[in-house]
Amino acid sequence: AFCIQVINPNTSPEMTETIASAARRIASPGTTILASCPTQGVESIEGHFDEAIAAIGVLEQVKQGKAQGAQGHVIACFGDPGLLAARELASGPVIGIAEAAMHMATLVATRFSIVTTLPRTVIIARHLLRQYGFEHHCAALHAIDLPVLALEDGTGLAQQKVRERCIQAKREDGSGAIVLGCGGMANLASELTQELGIPVIDGVTAAVKMVESLLALGFGTSKYGDLAYPNKKPLSGCFDMLS
Ligand SMILES: O=C(O)C[C@H]1NC(=O)NC1=O
């Protein structure tokens, strides 16, 4: 039985719920999901500035999750904000949804496409592909050109745009799989997989299963080298919460 913390790095309660329900749906029977989002920060993450703010909230949540017994952590934002810093703080595995979805896509197809929200986050996804070494696996990146919280506005427009973009990507890119580029798309993957007949991969569910796998294998984050716990030093002002 595992306890896995799933962190929505933005402060949207609706998106936290979307993410939490996807994580709980896929979790093994014995796995408890602790879903959370930062108490302060930014309601959606749509660029480098937002990610810098969100990363502090991720660290605060990881610290709290450890205290609540979390054995592993998921960072449920497609920019994987604060991933390496969170790995320094954590004992258990920490997996970002972008890396999780990308890894999974490479296991089932030779090429994958990414469908995300805004054009500017396409650029950030490109940075991640390079950082993770998946550039040559990714055939194309697409944006639905709607803000992240359009996924939670109840109109269904963003969901329809994601569906259209996935259909277009399958037709045009020659990709065998599609990666959904937002935590708020977590509830769309299984229906789109059925409709398109190819793996449409959401990073929230992928990351939960990867954390479960690492825990089942007895692996946490390696604390040898640059992911060792941070050097002890006084943290001033609002950062005291991270001491
Ligand atoms: O980068 C994106 O478009 C999506 C990313 N932003 C956010 O607030 N949650 C996410 O998954």
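Residues numbered from 1 in each chain as written. Predicted model: local features only at pLDDT ≥ 70, side-chain atom pairs only at ≥ 80, totals over all residues. Heavy atoms only, no water.

Colleague: Now, about the sheet that holds strand β2 (residues 32-36): what can you tell me, with residues and values included?
Modeller: Overall, parallel pairing links the four strands, which are arranged β2-β1-β3-β4 in an open sheet. Each having just a single partner strand, β2 and β4 (94-96) make up the two edges of the open sheet. Direction aside, neighbouring strands of the sheet carry axes that sit 20° apart on average. Each of β1 (3-7) and β2 is contacted by helix α1 (residues 13-26), which is oriented at about 170° to β2, the strand it contacts most. In this fold helix α4 (residues 97-108) packs onto β3 (72-75) and β4, with an angle of close to 75° to the strand it touches most, β4. (Pairing = 2+ DSSP bridges. Helix = DSSP H or I, 4+ residues; strand = E, 2+ residues; numbered from the N terminus. Axes fitted to C-alpha atoms, helices over the stretch in contact; angles between N-to-C directions. Contact = heavy atoms within 4.5 Å.)

Colleague: Which residues make up the site of the ligand, and what are the values?
Modeller: Near the ligand, the surroundings consist of Asn10, Ser44, Ile45, Cys77, Phe78, Thr116, Thr117, Thr121, Val148, Gly181, Cys182 and Gly183. Separating an oxygen atom of the ligand from a backbone N or O atom of Phe78 is a distance of 2.9 Å. Gly183 places a main-chain nitrogen or oxygen 2.8 Å from an oxygen atom of the ligand. The protein chains hide 97% of the 290 Å² of surface that the ligand would expose on its own. Residue composition of the shell around the ligand, by class: five nonpolar, seven polar and no charged. (Near = heavy atom within 4 Å. Polar contact = N/O pair within 3.5 Å; in protein donor to acceptor, adjacent residues only side chain to side chain. Areas by Shrake-Rupley, 256 points an atom, 1.4 Å probe, with all protein chains shown as cover. Nonpolar A, V, L, I, M, F, W, Y, C, P; charged D, E, K, R; others polar.)

Colleague: Residues and numbers for the layout of surface pockets, please.
Modeller: If you add up the space inside the largest pocket, you get close to 460 Å³. Lining the largest pocket are 15 residues, and of these Leu89, Pro230, Leu235, Leu242 and Ser243 sit closest to its centre. At the level of secondary structure, the elements contributing two or more residues to the lining of the largest pocket comprise α2 (48-67) and α3 (83-89). Here the second largest pocket defines a volume of roughly 240 Å³. (1 Å grid on protein atoms, 1.4 Å probe; cavity = no way out; pocket = protein on both sides within 12 Å on 5 of 7 lines; lining within 4 Å. Points joined across faces, edges and corners; volume = space filled by probe spheres on them.)

Colleague: Tell me what's going on with the environment of Leu83, and back it up with residues and numbers.
Modeller: Looking at the element boundaries, Leu83 is found in helix α3. For the pair formed by Leu83 and Pro119, sequence separation is 36 residues and the distance between their alpha carbons is 22 Å. Excluding residues that lie within four positions of it along the chain, Leu83 makes contacts with Ile75, Val94, Ile95, Gly96, Glu99 and Tyr132.

Colleague: Describe the pattern of salt bridges, and please don't skip the residues or the numbers.
Modeller: This structure, assessed with the given rule, holds five salt bridges. Glu195 is the partner of Arg163 in a salt bridge, and the nearest nitrogen-oxygen pair spans 2.5 Å. Pair noted here: Arg163 is in helix α6 (residues 157-173) and Glu195 is in helix α7 (residues 189-196), with a separation of 32 residues, a long-range link. (Salt bridge = Lys/Arg side-chain N within 4 Å of Asp/Glu carboxyl O.)

Colleague: So what's going on with the sheet that holds strand β7 (residues 177-180)? Residues and values would help.
Modeller: Taken together, the four strands give an open sheet; going across it, the order is β6-β5-β7-β8, and neighbouring strands pair in parallel fashion. Only two strands of the sheet have a single partner each, and these edge strands are β6 (138-143) and β8 (200-202). Averaged over all pairs of adjacent strands, the angle between their axes in this sheet comes to 25°, without regard to strand direction. Examined bridge by bridge, β7 and β8 share three bridges and lie parallel to one another. Paired with Leu180 across the strands is Asp202, a residue of β8. Docked against the sheet, α6 engages β5 (112-116), β6 and β7, running at close to 150° with respect to β6.

Colleague: An account of the side chain of His73 is requested, with residue identities and associated values reported.
Modeller: Here His73 lies in strand β3. The class of His73 is buried, set by a relative accessible area of 1%. Of note is the side chain of His73, whose polar atom sits 2.7 Å from the side chain of Gln5. Every residue in contact with His73, bar those within four places of it in the chain, is listed here: Gln5, Val62, Gly65, Lys66, Ala90, Pro93, Val94, Ile95 and Val211. (Buried < 20%, exposed > 50% of the residue type's maximum accessible area, 1.4 Å probe, protein only.)

What is shown is where atoms sit, not what they do.
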